[in-house]
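One letter stands for each residue in the lines below.
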Amino acid sequence: MSVSQLFEEAYTGLKSLVVGLGITGKAFCQPQVTVIYPKQEVDNLSSFRGHVELIGKDDDPSVPRCVACGACVKACPSNCLTIQCPVPVKEGDEGKPVVMGPAPQKGSKTPAVVIVDFSLCSLCGQCARACPVDSLQFSDNPYMVRLDRKEFQIDLLARLRRMAAE
Amino acid sequence: MQAFDPKTLAQDPTSVRFEPGPTEDKLILSMGPQHPSTHGVLRILLELDGEYIVRAEPVLGYVHRMHEWMGQEKTYFQFMPNMGRVDYLHAMAWNWAYAGSVERLAGIEVPERAEYIRVAVTELNRISSHLLWWGAYLLDLGAFTPIMYAFDDREFLLDILQAVTGSRLTYSYFTFGGVYNDVPEDFPKRCLDFVKLLRSRLPMYRDLVTDNVILRGRCEGIGEMDVELARRYGATGPVLRGSGAAVDTRRAEPYSVYPRFDFPIPSYPQGDAMARYMVRMDELETSCSIIEQAVSTMPGGPIAAKAPKTLKPPKGEACYAVEGARGKILVHVRSDGGPKPYRVKLRAPGFSNLSVFAELARGTLLADAVSILGSLDLVIPEIDR
C-alpha cells in the first residue's frame, strides 16, 4: 500500500466518523421524543383496540342489544366468549333451581351471562363481524394489568351496567 | 460426519451442540437467535476451521406452530387472524394473500376503494418492515444508534396503522371482499405527512449509515450470489433483486390495482450484502411513491363487498401471490365445498431465502456469516410457519 492510499483511507475513515458524529450531535440537541410513562401518556389511545364490550340499547343503555343467538361464540377462533341463558324448564321440573346452558336457548332473547376470556383473545374482531344486531365493539381501555389470570375473565354485562351508571 | 446426521439429530438434539469436529482442528458451533424466549429461534450449525466456515447448516422448526393445519381446522373467517402471526413484520401482505385466494375461490369482487386502501396499508407496512430490518441488521453488525432512528420513524407509521386497523403489529384488517373498516378522514393527509418526513430522513440515513466506511467494509463483496444461484433456491424479493434480476410480483404478476401506479423496481447486479441493503433502501422510496399515488387518487364508494357471514366456497382451488417485504408470498386454498378449507398451503419467502445461506456462508469468516444472515432479512416464525 502506497503512502497516498494510506492517507486516502485515513481521510475517508475520518470523514465518515465526523459525519456520523455530526448527525448524532444534531439529534442530541433535539428534544426528547419518548415519554416517561407513568407521568405522561401517549396521545394515540383513542384508536386503541381493547377487549370487546357490549353495546347497550338506544333507549336503555344498561341492557345490551344482544339477542343471545350465539353467533359470536361460534365465530371466535379461540373460544374466548361464553354466553349463557336459562335452560327452558321441562314439565315436572317446576320449582327446581334454574340451570344455565350455552346460548341459544328456547325462549331466551337476552343473555344471562356474557364473559370474555381476555387471556385467550387475539383481538381479531370476528365476533363483532358475526353479530347480527351489532352488539359488540372494541373498548379503548389500554391499561389491562391484573395480578391473576382469572381476573381477565371479564363479565361484560356487569361492565355494561357499570358504564351506563357512570 | 456424525454431527450432521439428521436421524441422530432428531433423536437427541443436544448431541451435536458443542463438540469437536470431525478432525482435531475443526469445531462445531451453534449460531443464531437461540434464547427460548426470543420471537424467532433459529439454529445454525457451523463447522469451523479456525475462523473460517467449512459448513453451515440451518436447523429449523423451533417456532413451528402448525398454521397450515390450523387452516384446515378453522373456518375461512377464523383463519384470518393467523395471517398476522405468520409474519409479524409484514402482516398486511399475508392478510392480502389469504383474502385474495379465498376471494378468487369464492368469486368475490373487491370494490375499488378497498383495493386502494389495501395498497396504501400494505405499502405502509412494508416501510415499517424495512425500517425494522434496517435497524436490526445494523444491530447485528454492531451499530446501536440506527435502530433508535428507525424506531423513531416507525412510531409515526404505527400510529397511522393503529388509527386504521386498531393494532400496531399483528394486523387482522382484511376481510373477504374488502377491508374491515374505513380509513379515518385524515388518513391521506397523515400518509402524505409521513412520506414527507421519511423523505427528509433518508439523506440522514444515507450519511449516517449507507456511506459509512465501516458498513461498506462489512457489506461490500460479502455473500456474493449470482442470479443463477438465487433462482435455483427459489429466492425472491430483495434477495433476488439484489443479484440483478428485477423481478417483483407487483410487476411480474400484477394483482389488484398495482398496474395503475408508476413505480420503479430497484435492482443491483453486484449480488452482495450491500446490493441487498441498497435494494431495501430504494424500496423505502418506491413504497413512498406508491403511497402518494394511492392516497391522492383514492376513489369513494364501499369498502367491502357483501360476503356471506358463513363462507362456503364452491369446490375447487385457488392461488394468490403478493409481493411481501421479504419476497413472494403465496397462499393456495383448496375447498371441498364445506365451511372449512380442505387444505391451506402457505408459501413463505423466508424459507427459500434462508436455504441460500448454506451455500453463501461456506468459506467465509464467522463475522461475515452474521452479515450475510442479516442481509437475507429473515423472520423465523414465517420460515417455520
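Residues numbered from 1 in each chain as written. Chains lettered and ligands numbered in written order. Predicted model: local features only at pLDDT ≥ 70, side-chain atom pairs only at ≥ 80, totals over all residues.

## Section: the nonpolar core
As a reminder of what qualifies: A set of buried Ala, Val, Leu, Ile, Met, Phe, Trp, Tyr and Cys residues, joined through C-beta atoms within 7 Å, is what we mean by a nonpolar core. Our exposure labels follow a C-beta count within 10 Å of each residue's own C-beta, placed from the backbone: buried means 20 or more other C-beta atoms, exposed means 12 or fewer, and partly exposed covers the counts in between. Note on conventions: DSSP H or I runs of at least 4 residues are helices, E runs of at least 2 residues are strands, and numbering of each starts at the N terminus. By the criterion used throughout, residues are in contact when their C-beta atoms, derived from the backbone, lie within 7 Å.
A:Cys72, B:Ala97, B:Ala120, B:Ile291, B:Phe357 and B:Ile372 are the most contacted members of the largest nonpolar core, which has 131 residues in total. Residue contributions to this core peak at 14 residues, all from helix 5 (residues 112-140) of chain B. For B:Phe357, the residues in contact, after removing those within four places along its chain, are B:Ala56, B:Pro58, B:Ile372, B:Leu373 and B:Leu376.

## Comments concerning the interface of chain B and chain A
Contacts between the two partners involve 21 residues from chain B and, on the opposite side, 21 residues from chain A. Mapped onto the side of chain B that touches chain A, the elements with two or more residues apiece are helix 3 (80-86), helix 6 (145-165) and helix 7 (187-210) of chain B. Here the side of chain B that touches chain A gets five residues from one element, more than from any other, and that element is helix 6 of chain B.

## Focus on the sheet that holds strand 7 (residues 328-335) of chain B
Residues and elements named next belong to chain B. What counts here: The pairing criterion for strands is at least two bridges between them, as found by DSSP. As a rule, the C-alpha atoms of each element are fitted with a line to give its axis, helices using only the stretch in contact, and angles between N-to-C directions run from 0 to 180 degrees.
Taken in spatial order, the three strands line up as 6-7-8 in an open sheet, and their pairing is antiparallel. The sheet is open, and its two borders are formed by strand 6 (316-323) and strand 8 (343-347), each paired with just one other strand. Across this sheet, the average inter-strand angle for adjacent strands is 10°, counted without regard to direction. The pairing of strand 7 with strand 8 spans five bridges and is classified as antiparallel. What sits directly across from Val333, in strand 8, is Val344.

## Some words on the confidence of the model for chain A
Rule in force here: Per residue, pLDDT measures the predictor's confidence, with a range of 0 to 100.
Mean pLDDT over chain A works out to 84, with 100% of the residues at or above the 70 mark. Taken element by element, chain A is modelled with least confidence in strand 3 (residues 100-102) of chain A, mean pLDDT 79, and with most confidence in helix 1 (residues 3-29) of chain A, mean pLDDT 89.

## Structural notes on the packing of helix 12 (residues 273-296) of chain B against helix 14 (residues 366-375) of chain B
Residue and element names in this part refer to chain B. What counts here: Working definition: roughly parallel below 35 degrees, roughly antiparallel above 145 degrees, roughly perpendicular at 65 to 115 degrees, and oblique for all remaining angles. Crossing handedness: left-handed means the near helix sits turned counterclockwise from the far one by under a right angle, and right-handed means the same turn made clockwise. Amino acids are sorted into nonpolar (Ala, Val, Leu, Ile, Met, Phe, Trp, Tyr, Cys and Pro), charged (Asp, Glu, Lys and Arg) and polar (every other residue, Gly among them).
As a packed pair, helix 12 and helix 14 sit with axes 9 Å apart at the nearest point and diverge in direction by 30°. As summarised for this structure, helix 12 and helix 14 are arranged roughly parallel, according to the angle between their axes. Every pair of crossing elements has a handedness; the one defined by helix 12 and helix 14 is left-handed. Side by side, helix 12 and helix 14 meet where Ala273, Arg276 and Tyr277 of the first sit next to Ser371, Ile372 and Ser375 of the second. The class makeup of the residues in the contact of helix 12 with helix 14 is three nonpolar, two polar and one charged.

## A look at the UniProt feature "domain: NADH-quinone oxidoreductase subunit D" (unreviewed entry) in chain B
Stated formally: UniProt positions are given in the numbering used here, feature names are shortened, and annotations may be inferred rather than shown by experiment.
Mapped onto this structure's residue numbering, the UniProt feature "domain: NADH-quinone oxidoreductase subunit D" (unreviewed entry) falls at residues 140-314 of chain B. In the segment residues 140-314 of chain B, helix accounts for 52% and strand for 2%; the C-alpha atoms at its two ends are 48 Å apart.

## Digging into the environment of B:Ser37
With respect to the secondary-structure elements, B:Ser37 resides in the loop between strand 1 (26-31) and strand 2 (43-49). Distance from B:Ser37 to B:Phe187, taken between C-alpha atoms, is 36 Å for residues 150 residues apart in sequence.

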